[in-house]
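# Tertiary structure, described
Here is what each chain is made of, one letter per residue.
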Amino acid sequence: LLLPKMAKAVYKDTVDRHFGLALKYYAHFTSPIRRYPDLLLHRMIKKYLHGELSKNASIYEKNMKKWWMSLSEKERKAEEVSRVINDLYMCQYMSDKIDLSFDGIISWLKETNIYVELSSGVEGAIFLKWGKSNITKWWLILDPLRGALVDGKWKIFYQIGQSIHVKIREVGMGTRRVEMETI
């Protein structure tokens, strides 16, 4: 539930310690088929292991920062396009399900929204606004350490991972949102 919400990697030409592993030198990569930055890193490691990196060192040193910045930007753009398309498909799928009820799991919380993921993978939101939801927000406070919306006495009302029963309130193709309410 939390993985898609976590900060994304940024490709750099500098050596940074890994925050969790406390390693001086660290490179994380997946299959080279998946991402071009990983393919570039695989190529560099292969050249290093075969003693060929020093022949091309000036090319790498000259262009590395530009390459990593460009690749980071392109990956972010591709993720955004993917998210927009996914949102549109979810809205299209849910467009004929208004007023139907579903069981879901709270996938994320904000002070103004409860995000719910249904078993179909569709994610929607309960908007905590006056007049738009059957939940009034004036008495709920976000507790980020517990991943919960709590009352003034810190009693948990909604928490990430909690099961919740919802009804589809509205589907907006223009806003790419599935609005829900609790039942």
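In case you missed it, the structure is sitting above this.
Presented here is a report on the structure given in the accompanying data block. Predicted model only: the values in this text are computed from it and were never measured. (Residues numbered from 1 in each chain as written. Predicted model: local features only at pLDDT ≥ 70, side-chain atom pairs only at ≥ 80, totals over all residues. Heavy atoms only, no water.)

## A short note on the packing of aromatic side chains
Here the structure, examined in full by the defined rule, presents zero aromatic pairs. Directly above the aromatic system of Tyr 93 lies the positively charged group of Lys 97, at a separation of 4.3 Å from the ring centroid. (Phe/Tyr/Trp six-rings, centres within 6.5 Å; stacked < 30°, edge-to-face > 60°. Lys NZ or Arg CZ within 6 Å of the ring centre and 35° of its normal.)

## Details of the pairing of strand β1 (residues 101-109)
Pairing between β1 and strand β7 (residues 163-172): five bridges, direction antiparallel. Within β7, the residue paired with Asp 103 across the bridge is His 165. Pairing of β1 with strand β2 (residues 113-118) involves five bridges; the strand directions are antiparallel. Across the sheet, the residue bridging to Trp 108 is Tyr 115, located in β2. (Pairing = 2+ DSSP bridges. Helix = DSSP H or I, 4+ residues; strand = E, 2+ residues; numbered from the N terminus.)

## Re the pattern of salt bridges
One pass over the structure, following the stated rule, counts eight salt bridges. Here Arg 146 ties to Asp 143 by a salt bridge, and the two come within 2.7 Å at their closest N and O atoms. The salt bridge partner of Arg 169 is Glu 179, with a shortest N-O separation of 3.6 Å. With a gap of ten residues between them, Arg 169 in strand β7 and Glu 179 in strand β8 (residues 177-182) connect regions that are remote in the sequence. Residue classification places Arg 169 among the partly exposed residues on the basis of a relative accessible area of 27%. (Salt bridge = Lys/Arg side-chain N within 4 Å of Asp/Glu carboxyl O. Buried < 20%, exposed > 50% of the residue type's maximum accessible area, 1.4 Å probe, protein only.)

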